[in-house]
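# An overview of the molecular structure
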Amino acid sequence: ILYLHGGGYCTGSPVTHRALTGHLAVACDAQVFVADYRLAPEHVYPAALEDAYAAVRWVAENVASFNGDASRLAVAGDSAGGNLAAAVSLLARDRQGPPISAQVLLYPAVDLRNLDRPSAVDFADGYFLTRPRMAWFIEQYVPSVAQRREPLASPLLASSHANLPPALTITAGFDP
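Read on for an overview of the structure. Every value quoted in this text rests on a predicted model; they were computed, and no experiment measured them.

### Quick word on the overall build of the protein chain
Counting its secondary structure elements, the protein chain contains five helices and five strands. Computed over the C-alpha atoms, the radius of gyration of the protein chain is 15 Å, within 12% of the 16 Å expected from 2.2 N^0.38 for a compact globule of 176 residues. Projected onto its principal axes, the C-alpha coordinates of the protein chain cover approximately 45 × 35 × 30 Å. Among the 176 residues that make up the protein chain, the fraction classed as buried is 43%. Excluding contacts between residues fewer than 6 apart, the proportion of contacts in the protein chain whose partners are at least 24 apart in sequence is 74%. If you sum the accessible surface of the protein chain, you get close to 9,000 Å²; carbon and sulfur atoms cover 56% of it. One finds the centroid of the 12 positive side-chain charges in the protein chain at a distance of 3 Å from the centroid of its 16 negative side-chain charges.

### Quick look at the nonpolar core
Formed by 38 residues in total, the largest nonpolar core has its most connected members in L2, L4, L49, V56, L84, V88 and Y141. At the level of secondary structure, the elements contributing two or more residues to this core comprise β1 (2–4), β2 (33–35), α2 (47–62), α3 (80–94) and α5 (131–141). Considering every element that reaches this core, the biggest residue donor is α3, with eight residues. Beyond its immediate chain neighbours, meaning those up to four positions away, V88 contacts L4, L49, A52, Y53, V56, V75 and I100. The next biggest cluster of nonpolar side chains, apart from the first, holds five residues, and it includes I1, Y3, A74 and A76.

### Considering unusual backbone geometry
In this structure, the amide linkage connecting A40 to the following residue, P41, adopts the cis form with an omega of 5 degrees. Tracing the backbone through its elements, the reader meets P41 in the loop between β2 and α2. Despite not being glycine, D29 shows a phi value in the positive range, around 50 degrees. In this structure, D29 sits in the loop between α1 (18–28) and β2. Even without being a glycine, Q96 presents a positive backbone phi close to 60 degrees. Tracing the chain through its elements places Q96 in the loop between α3 and β4 (102–106). Of the residues examined, Q96 reaches a relative accessible area of 70% and is grouped as exposed.

### Details of the packing of α2 against α3
Each packed pair of helices is defined by two parameters, the angle between the axes and the distance between the axes. At a closest axis distance of 9 Å, the pairing of α2 and α3 adopts a crossing angle of 65 degrees. As judged from the angle between their axes, α2 and α3 are roughly perpendicular. Once α2 is placed against α3, the crossing between them reads as right-handed. Residue-level inspection shows A48, L49, A52, Y53 and V56 of α2 in contact with α3, the latter providing L84, A87, V88, L91 and A92. Grouping the constituent residues of the contact of α2 with α3 by class yields 10 nonpolar, no polar and no charged.

Reading the values: rules and limits
Residues numbered from 1 in each chain as written. Predicted model: local features only at pLDDT ≥ 70, side-chain atom pairs only at ≥ 80, totals over all residues. Heavy atoms only, no water. Helix = DSSP H or I, 4+ residues; strand = E, 2+ residues; numbered from the N terminus. Rg over C-alpha atoms; globule rule 2.2 N^0.38 Å. Buried < 20%, exposed > 50% of the residue type's maximum accessible area, 1.4 Å probe, protein only. Contact = heavy atoms within 4.5 Å. Areas by Shrake-Rupley, 256 points an atom, 1.4 Å probe, with all protein chains shown as cover. Lys, Arg positive; Asp, Glu negative; His and termini not counted. Charge placed at Lys NZ, Arg CZ, Asp CG, Glu CD. Core = buried A, V, L, I, M, F, W, Y, C linked by side-chain atoms within 4.5 Å. Axes fitted to C-alpha atoms, helices over the stretch in contact; angles between N-to-C directions. Parallel < 35°, antiparallel > 145°, perpendicular 65-115°, else oblique. Left-handed = near helix turned anticlockwise from the far one by under 90°. Nonpolar A, V, L, I, M, F, W, Y, C, P; charged D, E, K, R; others polar.

Written out as structure tokens, the structure reads:
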């Protein structure tokens with residue numbers, strides 16, 4: 001599993017997600033690699049995505065040396081990392097590899113252009129992540145409003161989701 005950490009594209013690291021990814025490795029009896037991608041605002045879109053794609057390529061090319069099976073490669077991530085996992089799946093499909101067998105998207109941010117959805121409005125405050133904070137994170141990662149409409153920034157907007165690996169999407173009850 002290549003895991004892409006959350007943190008609004010601006011915070012987070014393999015260290016902040018060590019407990020989560022450790023539990024994931026044990027629960028799934030899998031090797032979990034955690035990418036350390038470049039963060040905004042110093043590195044705007046698509047820097048984190050290109051780092052994530054380079055990481056999935058590296059895992060696919062090197063997992064056999066860790067006694068892993070590249071044919072069972074999955075991508076996973078939470079929040080911003082869920083966005084990156086979904087976008088990496090699109091990139092891998094469109095760039096002809098590496099093959100990804102599954103996506104695990106934990107409360108993924110898959111539409112960066114629209115914070116007017118009911119969940120973003122209903123849970124805008126009081127549940128840790130606020131709507132204004134989400135807007136700030138998005139502005140840091142994708143300063144160009146026009147680029148937020150690009151499918152690799154907002155994977156939900158891809159013209160086709162055909163030929164992608166199966167996805168397990170987990171949502172949180174009060175997540176904006």
